[in-house]
Amino acid sequence: MSKSTSDQTVRNPSDTPAFGSILERNLSRRAVMRGGLCALAGLGAASLAPWAARAGQAESGVTLGFASLPASMTDACVVPPGYVAQVLGAWGTPLNDQARPWDPDGGNSAQDGLNATGMHHDGMHFFALDDSASEGLLAVNHEYIDQQALHPQGPTQPDGRRPAEEVRKEINAHGVSILHIRRQQGRWEIVPNSRYNRRFTSATPMMLAGPMAGSAWVRTPFSPDGTQVRGTNNNCGNGTTPWGSYLTAEENWANCFVNRGERAAHQRRMGVSDKESRYHWESAAGDPSEQQGEFARFDITARGSDASQDWRNEINGFGYLVEIDPYDPDSVAVKRSAMGRFAHEGCSFGTPQAGKPLAFYMGDDARFEYLYRFVSDEPWDPADARRSDRLAVGAKYLDRGTLYAARFDEDGSGRWLPLTPQAVGKDGRRLGEIFGGLDGIILNSREAADQVGATPMDRPEWTATHPINGDIYLSLTNNSKRDAARGANPANPRLDNVNGHIVRWHDDSGSDAFAWDLFLFGSPAGAPADVNRSGLTELNQFASPDGLAFDPRGILWIQTDNGIDGGRKNEVARRINDQMLAVVPQALSDRQGSGPAIGPAEQAALRRFFVGPNEAEITGFAFSPDYTTIFLNVQHPSNWPAYDSDDATVAAQGKVRPRSATVVIQRVDGGKIGV
């Protein structure tokens, strides 16, 4: 997530020991016993057996074939020698003839934006067409907007009201883009006017499925029966499904709303303001052009006699994972409410096994929030991977199941705690008694996790599943608010954790137990050993791990969001721009010794592959099926890209209006990336 939209307030009142204190005790234990073995005993024979079988499989044997890059702090991207980097689909790139070319003076209209790529690219995925390595659909999230860059002179608010055209332009810059792209003569381009090119915005009608569908909590004047919602917002991380659909995560959506009356507990917990919304979209309400309360809905103050008379429930249609079928241009996106409602950062699924339920893993990106797992009721049928009715398959696996929150224990074991009406909270009451039915639990996912004693984490962000051994990785980007009062724990061991770290675990979808360990700590190269626990050097120092993804060969790609746009306050930010690193991990079950998996002896394994331009976050990852192309996103640069070149490594001449964009990386010789 971007620091520009980060919720800086600690909203979790739970007194459950936080991950940092658990992690410190875990590290102490690892000093006297082999890491991970003690955790295996807690899994039980039933869940250990399939893990042991997978752990015995041979690793891919892939090795990194590039040297780690030196630091860079310029208005350009840097790639290893022998690689080229191309700008693709920058903000405002037309998808069809209904959009005018992008105006460097900010003069494009809301209608232009509806037919062009959105702003501030984030998570993404490449969906091949007919198994092609040179043609496919690139699904791209758009996390938030920069009002100063979006409008010619920034936003206006004459007489305290936002102009309707400006608000629509901002709404249309959010959401998701589906881009039909094709490689010709070594260059990737958007196919103009393709039937696949599509935009989802903060105003696009979508279906609501799962426990919240039809609930009294989501009935609005727009959808009196509570089965539809309007728009998706603050789309940060992403995921995919085994049947080939796209999952986009709604993250910091709460600050787009305002409630000037009595805020419900879940609204306070999510950060809904009682004073003003982030963009003041609600101030355009009453404009003669307004349709179906398109602006008024962002003010959720209860004013009428019930929910049919105002927009009090509008916010309850946000905070979910949204499933999109990129291959069907006529399909309607679906919000899968069974998978929880919080600040979703992304989603990865565990290794599918025929006849067993599917498991999906999700972080809630805020300080002291939780890691979640969703397990389907239906067992996996591999035939469903070949079906073309992908959203119907999604309904089969994603609308019915169990949502869990994670508890990490200091011995390297953990438990998935079910968030069901029958689950018993710390005070002895059942969750159904506290929150009502399952819809009330989903609405209050964070509070339900509080009640069962889940472990508060250091801003859990992306999850990624190892394609060979099934280990799950989680980036914990940072937590400067972790102090003596909210102490460290085994999985979050450092107070004032400004550099972040990565943990991993292994479980089985049929078991509530898991084994976990520490994988990697961010740190400045010159920091003391108790900070630089992974022994990072000038060639791989990093902070604030965020984007996290495996490619099918077993290479883990790590992207950073170090808050450089906040003034280079972090020591790493004073030495290098945000970046992407690569490493080929061993399986968790192969661990030897104490400390993190990547320590001083493993430095050659972690290499810097890419450095972005000044003030930009590096996020989003996708690849072509033949591994000859990888795609990543450069978000909120300060002075990039160059207008007269699509070479991402070229710095702009003078000051330009910045444009977030996808960067396409290939080898000059056409070979496979990274090896």
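If you're wondering where the values come from, they're calculated on a predicted model, not measured in any experiment. (Residues numbered from 1 in each chain as written. Predicted model: local features only at pLDDT ≥ 70, side-chain atom pairs only at ≥ 80, totals over all residues. Heavy atoms only, no water.)

Here the focus is the overall build of the chain. Each helix and strand in the chain was counted, giving 11 helices and 30 strands. Overall, the chain is about 70 × 60 × 50 Å in size when its C-alpha atoms are taken along their principal axes. A burial count over the chain gives 64% of its 675 residues as buried. Relative to all contacts within the chain whose residues are 6 or more apart in sequence, the contacts with residues 24 or more apart total 69%. Just so you have it, the chain exposes about 22100 Å², and 51% of that area is on carbon and sulfur atoms. (Helix = DSSP H or I, 4+ residues; strand = E, 2+ residues; numbered from the N terminus. Buried < 20%, exposed > 50% of the residue type's maximum accessible area, 1.4 Å probe, protein only. Contact = heavy atoms within 4.5 Å. Areas by Shrake-Rupley, 256 points an atom, 1.4 Å probe, with all protein chains shown as cover.)

We now examine the packing of aromatic side chains. The way to describe two aromatic rings as a pair is by their centre distance and the angle between their planes. Under the criterion given, the structure shown has 33 aromatic pairs. With 5.8 Å between their ring centres and 85° between their planes, F126 and W188 make a pair best called edge-to-face. Highlighted residues: F126 in strand 2 (residues 121–128) and W188 in strand 5 (residues 187–190), separated in sequence by 62 residues. The exposure classification of F126 matches that of W188, with both residues buried. Geometrically, the ring pair formed by W557 and F621 is stacked, given 5.5 Å between the ring centres and 25° between the ring planes. Note that W557 is positioned in strand 25 (residues 556–560) and F621 in strand 28 (residues 617–623), a separation of 64 residues in sequence. Overall, the relative accessible area of 1% leaves W557 in the buried class. The class of F621 is buried, set by a relative accessible area of 7%. Chaining the aromatic ring pairs together yields one cluster made of F66, Y83, W557, F609, F621, F623 and Y627. (Phe/Tyr/Trp six-rings, centres within 6.5 Å; stacked < 30°, edge-to-face > 60°.)

Note that the residue after W640, namely P641, is joined by a cis bond; omega there is 0°. Structurally, the position occupied by P641 is in the loop between strand 29 (629–635) and strand 30 (661–667). Phi angles above zero are rare outside glycine, and D130 is one such case at about 55°. Relative to the helices and strands, D130 resides in the loop between strand 2 and strand 3 (135–142). Residue D130 is classed as exposed on the basis of its relative accessible area of 78%. Phi is positive for S544, close to 55°, though the residue is something other than glycine. Among the structural elements, S544 can be located in the loop between strand 23 (513–521) and strand 24 (545–550).

Considering all chains together, one arrives at 38 salt bridges under this definition. A salt bridge links R312 to D310; the nearest nitrogen and oxygen atoms lie 2.8 Å apart. The class for R312 is partly exposed, based on a relative accessible area of 23%. Taking the relative accessible area as the measure of exposure, D310 reaches 6% and is therefore buried. The partner of D669 in a salt bridge is R667, with the nearest N and O atoms 2.8 Å apart. Residues joined by salt bridges that share partners form a network here, namely R269, D364, E369, R446 and D450. (Salt bridge = Lys/Arg side-chain N within 4 Å of Asp/Glu carboxyl O.)

To continue, consider the sheet that holds strand 13 (residues 348–349). Pairing in this open sheet of 9 strands is antiparallel, and the strands run 13-14-16-17-18-23-22-21-20 from one edge to the other. The strands lining the two open edges of the sheet, one partner per strand, are strand 13 and strand 20 (460–465). Note that strand 14 (residues 357–363) and strand 16 (residues 371–379) share 6 bridges and pair antiparallel. Within strand 16, the residue paired with G363 across the bridge is L371. Along the sheet, helix 8 (residues 390–398) contacts strand 14 and strand 16; its crossing angle with strand 16, the most-contacted strand, is approximately 105°. Sitting on the sheet, helix 11 (residues 445–452) touches strand 16, strand 17 (401–408) and strand 18 (413–418), and the angle it makes with strand 16 is about 100°. (Pairing = 2+ DSSP bridges. Axes fitted to C-alpha atoms, helices over the stretch in contact; angles between N-to-C directions.)

With that settled, consider the side chain of N478. One can find N478 in the loop between strand 21 (472–476) and strand 22 (501–507). Using a relative accessible area of 7% as the deciding quantity, one classes N478 as buried. Polar side-chain contacts of N478 include one of 3.1 Å to the side chain of R459. In this structure the side chain of N478 is engaged in a polar contact, spanning 3.0 Å, whose partner is the side chain of S544. (Polar contact = N/O pair within 3.5 Å; in protein donor to acceptor, adjacent residues only side chain to side chain.)

Take T560: it is sitting in strand 25. For T560, a relative accessible area of 1% gives the class buried. C-alpha of T560 to C-alpha of G612: the two residues are 52 residues apart in sequence and 9.9 Å apart in space. At 3.0 Å, the side chain of T560 forms a polar contact with the backbone nitrogen of Q579.

Okay, the state of the cysteines next. Applying the stated criterion across every chain, the model contains 0 disulfides. The thiol sulfur of C347 is not disulfide-bonded, and the nearest other cysteine sulfur, from C236, lies at 13 Å. (Disulfide = S-S within 2.5 Å.)

Mapped onto the elements, Q635 comes out in strand 29. The exposure class assigned to Q635 is buried, which follows from its relative accessible area of 0%. Separated by 2.9 Å, the side chain of Q635 and the backbone oxygen of H121 make a polar contact. Polar contacts involving the side chain of Q635 include one to the side chain of E143, which spans 3.2 Å.

Listing the buried residues of helix 8 in full gives R390, L391, V393, G394, Y397 and L398. Viewed end-on, helix 8 has its buried residues packed into an arc of 150°, placing them on one side of the element. Contact partners of the buried residues in helix 8: strand 10 (246–250), strand 11 (321–324), strand 12 (334–336), strand 14 and strand 16. (Arc of directions from axis to C-beta.)

Quick look at the nonpolar core now. When a protein is soluble and globular, its nonpolar side chains tend to lie buried together. Ranked by size, the top nonpolar core spans 50 residues in total, and within it F360, M362, Y372 and L419 carry the most contacts. Residues I555, M580, A582 and I673 belong to the second largest nonpolar core, which totals 30 residues. (Core = buried A, V, L, I, M, F, W, Y, C linked by side-chain atoms within 4.5 Å.)

Tracing the sequence through the fold places R161 in the loop between helix 5 (147–150) and helix 6 (164–173). In this structure, the C-alpha to C-alpha distance between R161 and D97, residues 64 residues apart in sequence, is 32 Å. Once residues within four sequence positions are removed from consideration, R161 is found in contact with T156, S283, A284, A285, G286 and D287.

In this model, the chain carries an average pLDDT of 91, and 91% of its residues clear a pLDDT of 70 or more. Under a pLDDT of 50 for its full length, residues 31–59 has, in the predicted model, 46 contacts with residues more than four places off or in other chains. (pLDDT = per-residue confidence, 0-100.)

Let's shift gears to the sheet that holds strand 28. The 4 strands are arranged 1-30-29-28 in an open sheet whose pairing can be described as antiparallel. On the outer flanks of this sheet lie strand 1 (83–88) and strand 28, each paired with one strand and no other. Strand-to-strand twist in this sheet, taken as the mean axis angle between neighbours without regard to direction, amounts to 25°. The pairing of strand 1 with strand 30 spans 6 bridges and is classified as antiparallel. In the sheet register, A85 faces strand 30, and the bridge partner there is I665.

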